[in-house]
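Coordinate analysis (summary)
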Amino acid sequence: MQSYIRPFLLFILLLSACKATDLGTAQPVPAPAPDTLQVPEPTETIIEKESFPYRATRTLQHDLIHTRLEVSFDWKNHYLMGIATLELRPYFYPQDTLVLDAKNFEIHSVAMLENDKAKPLKYQYNGEQVTIALGRVFTNNESYFIQMEYTAKPDEGKIGGSAAITSDKGLYFIGTDTADFNQKPMQIWTQGETEANSHWFPTIDTPNERTTQEMYITVDNRFKTLSNGTLVYSQMQDDSTRTDYWRLDQPHAPYLFMMAVGEYAVVKDEWGDVPVEYYVEPDYEPYAKDIFGHTPEMMQFFSDKLNMRYPWPKYAQVVVRDYVSGAMENTTASVFMEALQVDDRELLDYHWDGIIAHELFHQWFGDLVTCESWSNLPLNESFASYAEYLWNEYKYGRDEASYSLWEQSQNYFEESQSKQVDLIRFHYDDKEDMFDRHSYDKGSCVLHMLRNIVGDEAFFAALHHYLEKHAYQSVEIHDLRIAFEDVTGQDLNWFFDQWFLASGHPQLSVRQQYEDGVLSVEVQQLQNPDSTPVYRLPVQLEVWTGDQKQILTAEISEVSETLQFAMNQKPDVVIFDPQATLLAQVDYVQTPEERIEQFLKSDNFVRQYESLIAILEDTAQISTDMKQQILTEALQNDFWVIRKYAVNALEDMGPQVQQGFLDSLVAMAQQDPKSLVRADAISALVAINPDQYLSVFKEGLEDLSYAVNGASLAAYGQTAAQDKTATFEKFAEYDNVNIVVALADYYLEAQVPGKYEWFVQKFPSISNESLYYLLNYFARYIEFTDSSQLEESIDLLSQYAQNHPEYYIRLTAYRSLGFFTDQPGVNATREKIKDGEKDEKLKLIYQSLP
């Protein structure tokens, strides 16, 4: 599961790794971006485990051996008509009663199948579980077959959800409402994690259960279907429908079952003899391999690193509309949010390799070997998150990998300000609470530390041993520890106890001095020992004297320790934790000269980046001339994030400094290999003198990158060019967020009349990311430029505020109505919207708004 903070959806993007959007100079909305929406802080900053009950692994009374499902659909009513045939046997103790999870079903019959005959069974049903009297006692050397005929009604029951997975009804019908203002294609898809698949088929819905499966899916012939395993055959029926028969002979957890139905283009690829498929909407068929095309290479890379071949018979990836998370690692068939459907030009700015690698790695960590309970979720999610680092390291280099891991650490540190809990936690309020920055990002950083402690060869050998030993089984954290101990011969309880089974992280104070031939480094652990361990930390020091580098190693395990090393002369700089391996917040006092040396000599992105920030923010001790020298180096740095930061820093440096970098900025705007750097260079130039660089902006309008186009449009709008309106109209049909925001900003600022229809026609065709910004621009445009259709505009914003499936779209529409509170009925409408909101996090936000 990639809950993408969702980067674009608070935990989507996932949570995700969401990609930041570069908007050039246009500042679209006063409201926060979707990935920064803030729910009011809880009153307590630390969640103590004693506050919540112990969450035991589910006791298994029966073992579910095989699941056969025959399903068809009532699209209008959002029903699934099903026949489920389950093979079971008692787990150990004799049993005469079976309890199955079956949420919000209409059950038509339950029978025991014996000798090709169906014997009706008595049962009781409470809307959540069905308790079946088996008619006699079965022992664990007897298997039996239960058949249930039922109708699943996922929309009619209680619907929950969380920040990570916004709905838990399991089965979703999309595009069936003819009044849907987003004009979506008709689709059906499922989302099983955590325990939502029992909304559409009866099962033992717990991660420590495993079953093989067959799936017979009957649909109109125009639809494609996807499910776990292999498509065995497709058969036309007399009523012009088609039944697709999917089969998976390897056992997996019930929450990993999936279906997807839609009018998809299926783009075929392969990894050796394993079929690889990409299901996308037809408009995106030409770009499917641009989006997902690294998948076969990833399969080879991960198989090689783990010394274990991809373990399933096929791998498919499908993009769905209105997905309730970022992505989901269903066995052999991952589901992704619609944001992945982009064209080849958008991929010049941002690719989706991170989330694709995340879900693929789950096929080993999560699907082949599955956490036995949600308390052990990091055994799934931490590994999948660390896969993003591994892929970046292999494909894009160490800097890109360090950047991705640094982003994960920052995500965790931000969450730790209000929440610090054990990584493996057996006390929580709701299982959905496990899907947080701890399970994903902290866990990824902890695995990276473990890799550095045991070494690469041992790390991957231990992962191979763990996977091989526990294939097709459920696991807990001690299984991972023992696998590492088996391989390394070391007792690693100390590491697992402090990082997996305790909360918090090191908060270090580091001071160093050189005196009488001795380098002394004092390290103090400042974290609260009542709630956080005193850590045992292997540390490195990178010591530079002239051009000579020396690596020193030590270990700290006390609240306060002083490390001492004999040295012939005073070093120029001592870099603490030079590869930024430790998941720790470090207060390290350095002189300005040492920070400069660290920036110039470190080969690690994080250490360069933090030094650059400190140098440029130093207003007292570092001269302007020295800052200019450092900026010169930064603008030529090999890594684009450093260059991008340096470009943006120039905007705050004043005209005198800026003049010395104009040629560099022009060259970067035109030639930098990274499109986001080109876009920021254009924005820097417009802040200096827009009319002087009109030709640069015109050139940027021809760039293939949408980010550069958007920055160039925003810049062009601030010039005295006479053809601005005509120039902007050339881009009016584009749906990319950078261009849409630049156009909306120009229409508003220049008060261009007659753009009501442009806004309204854009709403259903653009991404939710673009829509978030555009609704706010629309409201301001109507208020300040063209109020001729005021009533229709208020009604449209009200519809979005009440009916859009994404909470952040409802929020921005609600806020946008705030521009019209002087109009009759608007205040009452806003109160009605607040009162009718069902999303808990949005309710909290509304409570904090005036």
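Scroll up to find the structure this text is about.
This section reports on the structure supplied with the text. Since we're looking at a predicted model, the values are computed, not measured.

**Topic: the side chain of Ser-375**
Along the chain, the position of Ser-375 falls in the loop between strand E23 (369–371) and helix H5 (378–395). Since its relative accessible area comes to 0%, Ser-375 is described here as buried. Within polar-contact distance, the side chain of Ser-375 engages the backbone oxygen of Arg-425 at 2.9 Å. Setting aside chain neighbours within four positions, we find Ser-375 in contact with Arg-55, Leu-423, Ile-424, Arg-425, Phe-426, Tyr-428 and Met-434.

**Describing a nonpolar patch on the surface**
Among the surface-exposed residues, Tyr-91, Phe-92 and Tyr-93 lie close enough to one another that they form a single nonpolar patch of about 410 Å² accessible area. Within the fold, Phe-92 resides in the loop between strand E4 (79–90) and strand E5 (95–101). In this structure Phe-92 comes out as exposed when scored by relative accessible area, which is 55%.

**Describing the nonpolar core**
Phe-73, Ile-146, Trp-200, Phe-302, Leu-340 and Trp-364 are the most contacted members of the largest nonpolar core, which has 165 residues in total. Once residues lying within four places of it in the same chain are set aside, the contact partners of Trp-364 are Met-299, Phe-302, Ser-303, Leu-306, Met-308, Arg-309, Tyr-310, Pro-311, Val-369 and Leu-467. In terms of nonpolar packing, the next biggest core, distinct from the first, is built from 101 residues, Ala-580, Ala-649, Ile-766 and Ala-813 among them.

**Quick look at the packing of helix H13 (residues 624–635) against helix H14 (residues 640–650)**
In a packed pair of helices, the relevant descriptors are the angle between the two axes and the axis-to-axis distance. One can describe the packing of H13 onto H14 by two numbers: an axis separation of 8 Å at closest approach and a directional angle of 140°. As judged from the angle between their axes, H13 and H14 are oblique. Of the two elements, H13 crosses H14, and the hand of that crossing is left-handed. Contacts between H13 and H14 involve Leu-631, Ala-634 and Leu-635 from the former and Ile-642, Arg-643, Ala-646, Val-647, Ala-649 and Leu-650 from the latter. Here the residues of the contact of H13 with H14 are counted per class, giving eight nonpolar, no polar and one charged.

**Quick look at helix H27 (residues 840–848)**
Side chains that are three or four residues apart share a direction in an α-helix, a result of its 3.6 residues per turn. Taken together, the buried positions of H27 are Lys-841, Leu-842, Ile-845 and Tyr-846. End-on, the buried residues of H27 take up no more than an arc of 140°, which puts them together on one face. Set apart from the buried face of H27 by more than 90 degrees, the exposed residues are Glu-840 and Gln-847. The inward-facing, buried residues of H27 abut helix H25 (807–817) and helix H26 (826–836). Capping of H27 at its N-terminal end is provided by Asp-839; its side-chain oxygen lies 3.1 Å from the backbone amide nitrogen of Leu-842.

Calculation notes
Starting afresh in each chain, residues are numbered from 1 along the sequence in its written order. Reporting of local features is limited, given that this is a predicted model, to residues whose pLDDT is at least 70; pairs of side-chain atoms are given and counted only at 80 or more, and all residues count toward the totals for whole chains, interfaces and linings. Side-chain measures were taken over the full set of non-hydrogen atoms in the model, leaving aside hydrogen atoms and water. Strands here are runs of E lasting at least two residues and helices are runs of H or I lasting at least four, both read from the DSSP assignment and numbered beginning at the N terminus. Only protein chains enter the area calculation, which uses a 1.4 Å probe; residues under 20% of their type maximum are buried, those over 50% are exposed, and those in between are partly exposed. Contacts described as polar in this section are N or O atom pairs within 3.5 Å, which, within protein, must combine one atom able to donate a hydrogen with one able to accept it, while residues neighboring in sequence count only if both atoms come from side chains. In this description, contact between two residues means that some pair of their heavy atoms is separated by no more than 4.5 Å. Note that patches include only residues with greater than 30% relative accessible area and no salt bridge, and the join distances are 9 Å for like charges and 5 Å for nonpolar side chains (Val, Leu, Ile, Met, Phe, Trp, Tyr). Areas reported here follow the Shrake-Rupley algorithm with a probe of radius 1.4 Å; residue values treat only the protein chains shown as occluding. A carboxyl oxygen of Asp or Glu within 4 Å of a side-chain nitrogen of Lys or Arg is what we treat as a salt bridge. In this text, buried Ala, Val, Leu, Ile, Met, Phe, Trp, Tyr and Cys residues form a nonpolar core when linked through side-chain atoms within 4.5 Å. Angles shown run from 0 to 180 degrees and are taken between the N-to-C directions of axes, each axis being a line fitted to C-alpha atoms and, for helices, limited to the stretch in contact. Here roughly perpendicular refers to angles of 65 to 115 degrees, roughly parallel to angles under 35, roughly antiparallel to angles over 145, and oblique to all remaining angles. Crossings are sorted by hand: turned counterclockwise from the far helix by less than a right angle, the near helix makes the crossing left-handed, and turned clockwise it makes it right-handed. Basically, the charged four are Asp, Glu, Lys and Arg, the nonpolar ten are Ala, Val, Leu, Ile, Met, Phe, Trp, Tyr, Cys and Pro, and anything else, Gly included, counts as polar. Note that the arc is defined by the directions from the helix axis to the C-beta atoms.

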